[in-house]
Amino acid sequence: MDIPIFILAGLLVHCVFLVSIFDIYFSSPLVHGMTPQQTPLPPPAKRLVLFVADGLRADSLYELDSNGTPRAPYLRGILENIGSWGISHTRVPTESRPGHVALIAGFYEDVSAVAKGWKENPVEFDSVFNESKYTWSWGSPDILPMFAKGATGDHVYTFCYAAESEDFGAEDAAKLDLWVFDHVKSFLNSSRSNQTLFSALNDEKVVLFLHLLGIDTNGHAHRPNSREYHENIKLVDEGVKEIASLIDDFYGNDGKTAFILTSDHGMTDWGSHGAGHPSETLTPLIVWGAGVNYPQKVTSQFFQDNFLKEWKLENLKRLDVNQADIAPLMASLIGVPFPLNSVVKMSQKKETTLSFLFTPFKPLSASEQINFLKKIRLYIQQQKYDEAVSLCKTLINLALEGLSYYHTYDRLFLGLSIAVGFVGWTTYVILVIIKAHTNLTKTVQTNKKKSTVLFYGFASAGMIIAFFLLIQTCPWTYYIYCLLPVPVWYAVVKEIPVIQDLATNVLSLHIGQSIGFLLVCILGIEILVFSFFYRSALTVGLLVFAGWPVITQLWIQAKTKALIWTLLCALLAIFPLMPVVGREPNIPLVIAAGLLTLLISFFSLASLCKNENKYRDNEDLKVYFYQMFSVALSTYVVSSTHDSLKIKQGLPVMNQIISWMTLVSSPVLLLLSPTFLFERLFSILLSLMSTYLLLSTGYEALFPLALFGLMFVWINMEQEALQYYGLSLKPKLAVFNFTCAMDITQFRQLHLDDVRRSFFFVFFIVTAFFGTGNIASINSFDPASVYCFLTVFSPFMMGGLLLLKVAIPFVLVSCAFEAVQVTTQLSSKSLFLIVLVISDIMALHFFFLVKDYGSWLDIGTSISHYVLVMSLTIFMMVMNGLAQLLTTQRLGLPRRTKHHST
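Cut-offs and rules
- Residues numbered from 1 in each chain as written.
- Predicted model: local features only at pLDDT ≥ 70, side-chain atom pairs only at ≥ 80, totals over all residues.
- Heavy atoms only, no water.
- Helix = DSSP H or I, 4+ residues; strand = E, 2+ residues; numbered from the N terminus.
- Buried < 20%, exposed > 50% of the residue type's maximum accessible area, 1.4 Å probe, protein only.
- Contact = heavy atoms within 4.5 Å.
- Areas by Shrake-Rupley, 256 points an atom, 1.4 Å probe, with all protein chains shown as cover.
- Phe/Tyr/Trp six-rings, centres within 6.5 Å; stacked < 30°, edge-to-face > 60°.
- Axes fitted to C-alpha atoms, helices over the stretch in contact; angles between N-to-C directions.
- Parallel < 35°, antiparallel > 145°, perpendicular 65-115°, else oblique.
- Left-handed = near helix turned anticlockwise from the far one by under 90°.
- Pairing = 2+ DSSP bridges.
- Salt bridge = Lys/Arg side-chain N within 4 Å of Asp/Glu carboxyl O.
- Core = buried A, V, L, I, M, F, W, Y, C linked by side-chain atoms within 4.5 Å.
- Expected span 1.5 Å × (residues − 1).
- pLDDT = per-residue confidence, 0-100.
- Nonpolar A, V, L, I, M, F, W, Y, C, P; charged D, E, K, R; others polar.

(A) Region of interest: the overall build of the protein. Secondary structure assignment for the protein yields 34 helices and eight strands. Burial statistics for the protein: of 902 residues in total, 52% are counted as buried. For the protein, restricting intrachain contacts to residue pairs at least 6 apart in sequence, the fraction spanning at least 24 positions comes to 80%. For the protein, the exposed area adds up to about 41700 Å²; of that, 64% sits on carbon and sulfur atoms.

Have a look at this one:
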């Protein structure tokens, strides 16, 4: 196959494999079509006021201060005297969007929304707001619009502050909640002079929704145990008291208003949320007003946690609910239909499956459904209400299991199709490597007659599969997933003569060595997969790498280099054992990393100037001094910015300007440096470090230094390995220039040791990603990382800067491997194919490890693992091009002409 066609085919296959997980694992289970059912009973309330204190933990609201006084006196008085209270158990992912969807729409949003980002209503759903007659809402522009855009008709109104107000570096984020309270007050006051609005407000089935973001913002910026977080709770308590009093007065104390206060999610002690820690999943719920019971006194009650005694609430009945049950509670209070978001899927799946292939959900088959309903009706007739309720709960749980069963009905079938395609593609790539880049096989003539028979055979198989899918009216994507393995395996089977020739050659080799090599390859890939889940596996791998010179006897001919290699491997092995970055900022370590970079720079420059007199006009030397100045400036900016934020003076404008200028100027300065191997790599380090320091909050600032040191020694060690195996003469790295293009005839065939080189590269790439934490998931992202650039909440800008931070170690590894590749006369195509095989084998692991349940962190991480490995080949091509640009290109500036006196 020609190179362009092969690359195109590879990209197409990988795009299909990549997209498949969103179709197989993350399609929406919501099916519309149910008819709203309304209870004939009159509702107790005409209107509902919903307060959602974003990011409020249950313990933070209910616990008493150190002096024994309640943190929220008004709400404490409500739950002790006139309302009901409990804990709302949120379901992971504990994020704002799924939390609000559960509260207001009554269902736990399907993870298919992951594929759509933070768009308004990526999956259409019904909500209490949609079923209400009128809803007015105030708060964040990130939350309110998604419920307005999904509503039918024009009866959901939103009032949002500017997105720029969500500033993590602001003096006090509580102003966001003050904005909401002030606008609600002015809205009610202005309605008295607007007859249309006044009439609408006095109608029934009205909802007022107050989204309070200040607590969440202060929790992210200052942590939940901070003074700012606790003071924000007191402010919300006072605001709720004022709004409740104002609404009662507005309606003449008619007793027809119901109030609910809750939260979308909690927050960890280090100011993050998304996973399933109790501090994130336990949120407060206080309900009072029309239709709500007064507090019930009890002598004892049992819960698995020990909060009741700690909160001094053991004598008041605690009523815990699931977060999604708050929506039907609200619907019942004001008499609107429950939000309808799904129908039983059995009939839908039965219509699109051949009768002899259809397997129903046995616990809830048609006959079982009839039996359940008969028993429930019989219990009701016999007035055995407890038994009827218990049986209803069993039926509900079985119905939910059945929905999941039919929703995932085709998952195994589609998964196997993708797996067969994966195995076929990987097999084909291995055959291409062996056939075109090694001496293991001889040229075999193809039999045209056999090829024709094979073609028609596979074409017939494809037609049968397509017909099978057609009569079942399957979606068009099913055709792609099921038909893809056909051409892939056709390409493999066509190479049967090569496989036979290879088998003959392999059998002539030493069987023990072949099996040993295979086992080492399998073990290496499994360690790579394992490292995605347990960072300590990277430590084990690096310690094994440390012994590489001893195992291969390389240390005999290069003792000093081997010793440095071992020490740097051991040093880098420490990082995966350290806590995940972001939980506890440590700015002194960032400053120390900046100073260490400057110290290394001075010694390196002194060594350069001593060894060779390349800087006669000092122009090249100036570039390094500019880069060192940039590193020093970045170190100062990090220190002063965090000092300023600590005393609540915000992000200094000058620091922000310097940060953005450093980001832009760093790559320019890099391209002004000489293209000799050591000089250019040193310049790349300085440029990347000046930006990386600005994005660091702790020990991770030291990581690129340790990684670069190991990469530089690796380049030297590969030269020793090249000479050791007699593959080439050792080039002089001191005078090696990246711009010296190599002749294609100098490229050599692959050697067994090149598989080890490729594995080293993939391992270092994985280390670059996970060496300082699980940075493949956005949920472990600490906003403090970008405070030198911006403090106003901007998910796309912050996400872009995070990706840059992730990419910097990746670029260091790619540039080092570019040096390894050209100095060892290795063809980039052969290298790419080996890495392709390694990444595809890893991707097959992660395909079956993708999760569509559990915490947002677990779901997001499982997706990111798969996407990361699938993207590795594409990303490697991009990074290879970037590495070539960074190592070979040089910007030419006009230089002063020297005049010599005669």
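(B) Region of the structure containing the packing of aromatic side chains. Taken as a whole, this structure holds 49 aromatic pairs when the rule is applied. Plain terms: the ring middles of W548 and W565 are 5.4 Å apart, the flat faces sit at 65° to each other, and that makes the pair edge-to-face. Of the two residues, W548 sits in helix α24 (residues 548–551) while W565 sits in helix α25 (residues 559–572), which places them 17 residues apart along the sequence. Considered together, W548 and W565 belong to a single accessibility category, that of buried residues.

(C) Geometry of the packing of helix α30 (residues 703–724) against helix α32 (residues 795–823). Where α30 contacts α32, the axes come no closer than 10 Å and their chain directions differ by 10°. By the criterion of interaxial angle, the relationship of α30 to α32 is roughly parallel. Here the hand of the crossing between α30 and α32 comes out right-handed. Contacts from F703, P704, L707, F708, M711, W714, I715, E718, Q719 and L722 of α30 reach α32 at P809, L812, V813, A816, F817, A819, V820 and T823.

(D) Spatial organisation of the sheet that holds strand β3 (residues 134–139). Reading across the sheet, the eight strands line up as β4-β3-β5-β1-β6-β7-β2-β8 and stay open at both edges, with mixed pairing between neighbours. Each end of this open sheet is capped by a strand with a single partner; those strands are β4 (156–160) and β8 (321–322). Of the strand pairs in this sheet, strand β2 (residues 83–89) and β8 are connected by two bridges, and their pairing is parallel. What sits directly across from S88, in β8, is V321. The strands that helix α3 (residues 73–81) touches are β2, β6 (257–262) and β7 (282–289); relative to β7, the one it contacts most, it runs at about 65°.

(E) Expanded view of the pattern of salt bridges. Scanning the entire structure with this criterion turns up 21 salt bridges. One salt bridge in this structure joins R71 and D65, with 3.1 Å as the shortest N-O distance. Summarising the burial analysis for this pair, R71 and D65 share the class buried. Notably, a salt bridge pairs E80 with R76, separated by 3.1 Å at the nearest N-O pair. Residue E80 and its partner R76 are located together in helix α3, separated by four residues, close to a single helical turn. Taking relative accessible area as the criterion, R76 reaches 8% and is therefore assigned buried. Each member of the salt-bridge network shares a partner with another, and the members are E63, D65, R71 and K234.

(F) Just the nonpolar core, in detail. Grouped together as the largest cluster of nonpolar side chains are 144 residues, with contacts concentrated most on W565, F764, M842 and Y866. Of all the elements, α32 adds the most residues to this core, at 15 residues. Grouped together as the second largest cluster of nonpolar side chains are 50 residues, Y229, V236, Y251 and L313 included.

(G) Just helix α15 (residues 366–381), in detail. For α15, which comprises 16 residues, the first-to-last C-alpha distance of 23 Å matches the rise-based estimate of 22 Å (1.5 Å per residue) to within 8%. Once α15 finishes, Q383 follows within two positions and takes phi at roughly 60°, a positive value.

(H) Highlighting the confidence of the model for the protein. Averaged over every residue, the pLDDT of the protein is 82; the share at 70 or more is 84%. Within the protein, β6 carries the highest mean pLDDT (97), whereas helix α14 (residues 346–351) carries the lowest (65). For residues 114–119, every residue scores under 50 in pLDDT, and the model assigns this stretch nine contacts once sequence neighbours within four places are set aside. Throughout residues 898–902 the model reports pLDDT below 50, and contacts reaching past four residues in sequence, or to other chains, amount to two contacts.

(I) Up close: the pairing of strand β1 (residues 47–53). Of all seven residues making up β1, seven are buried, and the element is well covered by its neighbours. On β1, burial covers both faces: R47, V49, F51 and A53 on one face and L48, L50 and V52 on the other are all buried. Across seven bridges, the pairing between β1 and strand β5 (residues 206–212) is parallel. Note on β5: the bridge partner recorded for F51 is L210. Judged from the six bridges that link them, β1 and β6 form a sheet pairing that is parallel. Each residue of the ladder has a partner; that of L50, found in β6, is I260.

(J) The arrangement of the packing of helix α23 (residues 536–546) against helix α31 (residues 752–770) in detail. One can describe the packing of α23 onto α31 by two numbers: an axis separation of 11 Å at closest approach and a directional angle of 140°. Considering their axes alone, α23 and α31 lie oblique with respect to each other. Viewed along their axes, α23 and α31 form a crossing whose handedness is left-handed. Taking contact as the criterion, the partners of L538, G541, L542 and F545 in α23 are, on α31, F759, F760, F763, F764, V766, T767 and F770. Partitioned by chemical class, the residues of the contact of α23 with α31 number nine nonpolar, two polar and no charged.

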